[in-house]
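This is what each chain is made of:
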Amino acid sequence: MQDEEWSSEPAVIESSEPAPAPVRAALDPHRTLPPLTASDALDICVSDPQKHGEGTSAFVNYLVTTRTSLEAFSSPQVSVRRRFQDFAWLHKALSDEYPYVILAALPGKHRMEYLTGDRFSPEFLEKRKVSLDNYLKRVARHPLVAKSPILRRFLESNEIVPEFVAKQSQSHVLDNISDVLLNAFSKIKNPDPRFISFKEHIDKFQETLISLERLHARLIRSETEFELDMLELGGIVNTLGLMETQVTSPLTDFGNILRNLCTLMRERINHEDFVYLTNVQEYIGHCMSAKETLKTRDQKQTDYEELGVYLTNHISDRDKALNPQRGGGGIASFLSSKMQELQGVDTERARQQRIVKLTGKIGELQEAVKASEEMSLAFNRELVREIDFYERLKLEDLRVDLKAYVDNQVLYYEKVSCQILFLTVLAPCSDSDTGTRF
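Residues numbered from 1 in each chain as written. Predicted model: local features only at pLDDT ≥ 70, side-chain atom pairs only at ≥ 80, totals over all residues. Heavy atoms only, no water.

Chemist: Looking at this model, I keep getting lost on the overall build of the chain. Mind explaining?
Modeler: The helix and strand inventory of the chain stands at 11 helices and 3 strands. Secondary structure elements in the chain, listed N-terminal to C-terminal, are α-β-β-β-α-α-α-α-α-α-α-α-α-α. In the chain, buried positions account for 41% of the 438 residues. In the chain, of all internal contacts separated by at least 6 residues, the share reaching a separation of at least 24 is 77%. Surface accessibility of the chain: about 24,700 Å² in total, with carbon and sulfur atoms responsible for 55%. (Helix = DSSP H or I, 4+ residues; strand = E, 2+ residues; numbered from the N terminus. Buried < 20%, exposed > 50% of the residue type's maximum accessible area, 1.4 Å probe, protein only. Contact = heavy atoms within 4.5 Å. Areas by Shrake-Rupley, 256 points an atom, 1.4 Å probe, with all protein chains shown as cover.)

Chemist: I would appreciate a short explanation of the packing of aromatic side chains in the present structure.
Modeler: Where two aromatic rings form a pair, the distance of their centres and the angle of their planes describe that pair. Within this structure, the stated rule accounts for 7 aromatic pairs. Ring plane angle 90° and centroid distance 5.9 Å describe the contact between Phe 198 and Tyr 390, whose orientation is recorded as edge-to-face. Taken as a pair, Phe 198 in helix H8 (residues 193–243) and Tyr 390 in helix H11 (residues 347–426) lie far apart in primary sequence, 192 residues in all. Judged by its relative accessible area of 5%, Phe 198 is buried. Ring centres of Tyr 276 and Tyr 405 lie 4.5 Å apart, and the angle between their planes is 40°; this geometry places the pair in the tilted category. Of this pair, Tyr 276 sits in helix H9 (residues 248–322) while Tyr 405 is found in helix H11, placing the two residues 129 residues apart along the sequence. (Phe/Tyr/Trp six-rings, centres within 6.5 Å; stacked < 30°, edge-to-face > 60°.)

Chemist: Would you mind showing me how to read the nonpolar core here?
Modeler: As a rule of thumb, soluble globular proteins bury nonpolar side chains together. Counting 51 residues, the largest nonpolar core has Leu 90 and Leu 136 as its most contacted members. The contact partners of Leu 90, leaving out residues within four places of it in the chain, are Tyr 135, Leu 136, Ile 150, Leu 151 and Phe 154. Listed in part, the 15 residues of the second largest apolar core include Ile 220, Met 230, Leu 251 and Val 416. (Core = buried A, V, L, I, M, F, W, Y, C linked by side-chain atoms within 4.5 Å.)

Chemist: Which parts of the structure should I look at to understand the pairing of strand E3 (residues 77–83)?
Modeler: Remember that side chains alternate between the two faces of the sheet whenever the strand is regular. Side chains Val 78, Val 80 and Arg 82 of E3 all project onto a buried face; the interleaved residues Gln 77, Ser 79, Arg 81 and Arg 83 project onto a face where none is buried. Sheet topology places strand E2 (residues 59–68) next to E3; 7 bridges connect them, and they run antiparallel. Opposite Asn 61, over in E3, you have Arg 83 as the bridge partner. (Pairing = 2+ DSSP bridges.)

Chemist: Explain the confidence of the model for the chain here, please?
Modeler: In low-pLDDT segments, the atomic positions of the prediction should not be examined closely. Averaged over all residues, the pLDDT of the chain is 80; the fraction at 70 or higher stands at 76%. The element-level mean pLDDT for the chain is lowest in helix H1 (residues 21–26), coming to 38, with E3 highest at 94. Confidence over residues 112–116 falls short of pLDDT 50; this stretch has 7 contacts with residues more than four positions distant or in other chains. (pLDDT = per-residue confidence, 0-100.)

Chemist: Would you take a moment to explain the packing of helix H2 (residues 84–97) against helix H5 (residues 149–156) for this structure?
Modeler: Pairs of packed helices are described in terms of their axes, by the angle between the two and the distance that separates them. Put simply, H2 and H5 touch, their axes get as near as 9 Å, and they point 170° apart. By the criterion of interaxial angle, the relationship of H2 to H5 is roughly antiparallel. Touching Asp 86, Phe 87, Trp 89, Leu 90, Ala 93, Leu 94 and Glu 97 of H2 are Ile 150, Leu 151 and Phe 154, all from H5. Here the contact of H2 with H5 is composed, by residue class, of 8 nonpolar, no polar and 2 charged. (Axes fitted to C-alpha atoms, helices over the stretch in contact; angles between N-to-C directions. Parallel < 35°, antiparallel > 145°, perpendicular 65-115°, else oblique. Nonpolar A, V, L, I, M, F, W, Y, C, P; charged D, E, K, R; others polar.)

Chemist: It is not clear to me how the packing of H2 against helix H4 (residues 122–141) should be interpreted in this structure. Could you clarify?
Modeler: Running from N to C, H2 and H4 cross one another at 25°; their axes reach a closest spacing of 12 Å. Taken together, the axes of H2 and H4 lie roughly parallel to each other. Pair H2 / H4 crosses with left-handed handedness. Every residue of H4 that contacts H2 at Phe 84, Phe 87, Leu 90, His 91 and Leu 94 is listed here: Arg 128, Leu 132, Tyr 135, Leu 136 and Val 139. (Left-handed = near helix turned anticlockwise from the far one by under 90°.)

Chemist: I keep staring at the sheet that holds strand E1 (residues 42–52) and nothing clicks. Help me out?
Modeler: Through backbone hydrogen bonds, the strands of a sheet pair up, either in parallel or in antiparallel fashion. Read from one edge of the open sheet, 3 strands run E1-E2-E3, paired in antiparallel fashion. With partners counted over all chains shown, the strands left at the sheet margins are E1 and E3, one partner each. For this sheet, the mean inter-axis angle between neighbouring strands, taken without regard to orientation, is 20°. Helix-sheet contacts for H2 involve E1, E2 and E3, and the interaxial angle to E3 is about 105°. H4 contacts E1 and E2 of the sheet and is inclined by roughly 155° relative to E1.

This is the structure we're talking about:
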């Protein structure tokens with residue numbers, strides 16, 4: 001089963017349930033898909049976290065401001081306040097609407113801050129604000145998602161729960177097949193090497209990011225301890241300056257320089273923690289999102305393959321019913337036939353009824369297999385394009401993040417060099433009476 005190109009129009013594909021008939025009809029596995037290009041139609045900013053209420057009922061909402069040129073919006077600039085649960089609703093709705101899209105990962109709600117009671121601390125709220133801002137910016141870059149009515153409703157509507165959430169799907173033979181079949185823990189019989197390769201790449205990339213996160217977190221802890229030690233040293237030097245009145249001025253200046261260095265180090269650590277390390281953690285989540293999309297694709301193919309097996313079994317049963325003299329069916333079929341004879345059942349009539357029933361079921365299954373194959377092929381084609389888009393954006397994100405990291409390091413050491421230069425101006429400073437040099 002090799003992929004061709006298919007429609008570039010967004011399609012509503014349920015992630016774990018069969019798609020409704022109108023959706024299946026919209027999927028055309030023979031139309032060309034152009035490469036995805038990042039959208040800049042939405043400029044979104046998350047800011048101003050505000051706490052409301054007290055105790056267990058307390059919550060925080062954020063100001064979400066959108067500037068856009070899209071005519072579907074009511075105004076070129078709109079602002080709403082959203083809670084984290086609203087972001088969770090958006091992520092779930094977009095995942096259901098675009099299961100083949102590798103969405104950015106929603107910042108985790110279950111973190112240690114919730115267990116320790118610090119989820120309303122300024123540090124946590126700042127991190128959460130940055131993460132939610134990054135999330136919306138990444139979501140809005142996708143050219144299909146950027147035009148989604150779901151995203152538009154989230155960005156400008158007072159009521160974000162859409163009326164179209166509960167969609168009625170038409171009855172289809174897929175809906176009547178047991179969930180045990182469709183969701184069976186079956187291995188794919190004909191795995192696609194393209195997706196196997198991408199999965200291996202994502203696994204290695206995620207492992208590298210996790211190692212980087214741990215190493216950098218350990219580095220931040222070490223630098224924080226060094227900062228505290230240097231701050232303590234600055235206090236001791238200042239105290240010594242008060243005790244040694246003859247050299248109070250140079251000691252005080254030296255102590256102040258140490259304090260300034262501590263302030264610079266704290267600014268750099270906070271930037272790395274809030275920005276760089278947060279971006280690393282978000283991309284770890286992005287890797288998990290990519291793997292979830294691959295799982296959905298695997299389920300589509302598994303559904304198709306399992307339906308094929310189901311169809312083959314029905315054809316085999318019909319062939320046995322058409323040719324009972326050829327044998328087959330084993331002892332169970334023989335005992336069933338004898339039981340029908342003892343019960344006075346017309347075996348020939350029962351056989352003809354079974355053939356009619358099986359023939360009808362085979363016709364339904366043939367349609368279902370064809371629809372499932374088209375769905376699987378369409379999903380594959382969309383995902384191939386998504387992977388290409390994901391890889392291009394990942395490289396751009398890494399370039400931007402690493403440049404910001406380097407720029408912050410350069411700025412820090414430039415400021416440190418200024419402090420050290422000032423320190424060299426203070427020394428040597430000699431006392432004419434004691435000959436002591438500082």
